[in-house]
Amino acid sequence: MHEMMLRIRKFEEKIADVYPEQEMRCPTHLSIGQEAAAVGVCAALQREDRIFSTHRCHAHYMAKGGDPRRMIAELYGKKTGCCGGKGGSMHFTDESVGMMGTSAIVGASIPLAVGAALASTMQGANYLAVAFFGDAGVEQGVFHESLNFAALKRLPVIFVCENNLYATQTPLHKRQVIDNIYQRSAIYGIPGERLDGNDVLAVYQATCQAVKRCRQGQGPTLLECRTYRWREHVGPNYDYDMGYRTKEEVEEWMAKCPVNGWKNKLLNSGITTEIELDKIARKIDEEVESAFKLAKADPFPDDADLLKDVF
Ligand SMILES: Cc1ncc(C[n+]2csc(CCOP(=O)(O)OP(=O)(O)O)c2C)c(N)n1
């Protein structure tokens, strides 16, 4: 889990570094600071399990086993990208690892995951489905319809709300009267839990429980992972100057960095050493360099194929 969180962090930091070069021609929403939710959840899943994501989908794709080299090619709009260069940052799909779809429509991942879980049940298949969504996703009516239906049919679906406290520049308390996302599960008769979304182990353990319930036919679970995005809503920069949050608040959350927090726990418990972790970090640095170099050199889609697989 440490390696995957660090991989996500380093790939996204590199995206932020090169984004101003204007060679990535898609908007990009970074998850720097939120890595533990993606990694903790996906570590509890099997390859055949299916996930659905949002505009902020890089971390989910990598955590589910997606190929970062194909991800970077996608951001550069190249033929070798996970959607042939036609999806860009907000529309990753890769059936080979169960990344079934991402949508920039707030809340859209929720009914899609419920549909996949219904299909799994109807087909007698073993896979379960996960919907990742932000705290604004619960403001969509479809959140309630989906939870109700999934609870009623006891579908194998896990609802994962990454509550980073903001929807673009609007804080949670200006949009919702009560700060109780996880408790909304109760009205549909399913379990709901609030987690420290920066604690990868806590997220992993809660997801394992939810997975168990799905596999035993006990139906859905709602997990609210409290976390924080360090960079601006869309784009590579820090946004202290925008006035909707303070530098102090961002720094407070940076001190709760999910990557460093877990790294320190591993070191303090003697499970690993600085030398081992340095080796992992160097290996990832090489992956990053190679992925960007190859992706930049890759060809764009052929003109004749531009309308293929576009819907
Ligand atoms: C249905 C819909 N309404 C509005 C938007 C514009 N929009 C894009 S992202 C966003 C906020 C998303 O916040 P949240 O779901 O909490 O996710 P986060 O960006 O914090 O990860 C909004 C309102 C949209 N994409 N879709």
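Below is a summary of the structure that appears in this document. (Residues numbered from 1 in each chain as written. Predicted model: local features only at pLDDT ≥ 70, side-chain atom pairs only at ≥ 80, totals over all residues. Heavy atoms only, no water.)

Looking now at the environment of Glu-13. Locating Glu-13 in the fold gives a position in helix H1 (residues 2-18). A C-alpha to C-alpha distance of 21 Å links Glu-13 and Glu-249, two positions 236 residues apart in sequence. Once you skip the residues sitting within four places of it in the chain, Glu-13 turns out to touch Ile-32 and Arg-231. (Helix = DSSP H or I, 4+ residues; strand = E, 2+ residues; numbered from the N terminus. Contact = heavy atoms within 4.5 Å.)

Let's shift gears to the pairing of strand E4 (residues 157-163). Among the 7 residues that make up E4, 7 are buried, leaving the element largely enclosed by the rest of the structure. Along E4, one buried face is formed by Val-157, Phe-159, Cys-161 and Asn-163 and the opposite face, lined by Ile-158, Val-160 and Glu-162, is buried too. Between the parallel pair strand E3 (residues 129-134) and E4, the chain is carried across by helix H6 (residues 141-152), and the sense of this crossover is right-handed. In the sheet, E4 pairs with strand E8 (residues 221-226) via 6 bridges, with the strands oriented parallel. Residue Val-160 lies in a different strand from E8, and its bridge partner there is Leu-223. (Buried < 20%, exposed > 50% of the residue type's maximum accessible area, 1.4 Å probe, protein only. Right-handed = clockwise from strand over helix to strand, strands pointing away. Pairing = 2+ DSSP bridges.)

With their axes 9 Å apart at the nearest point, H1 and helix H2 (residues 35-43) run at an angle of 140 degrees to one another. In terms of axis orientation, H1 runs oblique to H2. Considering how the two elements wind past one another, H1 and H2 form a crossing that is right-handed. The segment H1 lies against H2, with Met-4, Met-5, Ile-8 and Arg-9 engaging Glu-35, Ala-36 and Val-39. In terms of residue class, the contact of H1 with H2 is built from 5 nonpolar, no polar and 2 charged. (Axes fitted to C-alpha atoms, helices over the stretch in contact; angles between N-to-C directions. Parallel < 35°, antiparallel > 145°, perpendicular 65-115°, else oblique. Left-handed = near helix turned anticlockwise from the far one by under 90°. Nonpolar A, V, L, I, M, F, W, Y, C, P; charged D, E, K, R; others polar.)

It is worth spelling out the packing of helix H5 (residues 109-123) against H6 at this point. Interhelical geometry of H5 versus H6 gives an angle of 20 degrees and a closest axis separation of 9 Å. Our classification of the angle between H5 and H6 gives roughly parallel. When the axes of H5 and H6 are compared, the crossing they make is left-handed. When H5 is examined against H6, the residues Ile-110, Pro-111, Val-114 and Leu-118 are found in contact with a partner set consisting of Val-142, Phe-143, Ser-146, Phe-149 and Ala-150.

On to the site of the ligand. Surrounding the ligand, one finds 15 residues, the nearest of these being His-55, Arg-56, Ala-104, Ala-136 and Asn-164. In the environment of the ligand, a nitrogen atom lies 2.8 Å from a nitrogen or oxygen atom belonging to the backbone of Ala-104. The separation between an oxygen atom of the ligand and a polar side-chain atom of His-233 is 3.4 Å. If the ligand stood free it would expose 580 Å²; the protein chains cover 69% of that surface. (Near = heavy atom within 4 Å. Polar contact = N/O pair within 3.5 Å; in protein donor to acceptor, adjacent residues only side chain to side chain. Areas by Shrake-Rupley, 256 points an atom, 1.4 Å probe, with all protein chains shown as cover.)

This part takes up the pattern of salt bridges. Within the structure shown, the criterion is met by 24 salt bridges. The residue Arg-175 makes a salt bridge to Asp-135 at a minimum N-O spacing of 2.9 Å. Here Arg-175 is found in the loop between strand E6 (170-171) and strand E7 (192-196), whereas its partner Asp-135 is found in the loop between E3 and H6, with 40 residues between them in sequence. Assessed through its relative accessible area of 1%, Asp-135 is described here as buried. Three or more residues joined by partner-sharing salt bridges are found here, namely Glu-3, Arg-7, Lys-283 and Glu-287. (Salt bridge = Lys/Arg side-chain N within 4 Å of Asp/Glu carboxyl O.)

Here the phi dihedral of Arg-154 falls at roughly 50 degrees; this positive angle occurs in a residue that is not glycine. Here Arg-154 lies in the loop between H6 and E4. Assessed through its relative accessible area of 52%, Arg-154 is described here as exposed. Backbone geometry at Leu-165 places phi at a positive 75 degrees, although glycine is not the residue there. With respect to the element layout, Leu-165 can be found in the loop between E4 and strand E5 (166-167). Classification of Leu-165 by relative accessible area gives buried; the value is 19%.

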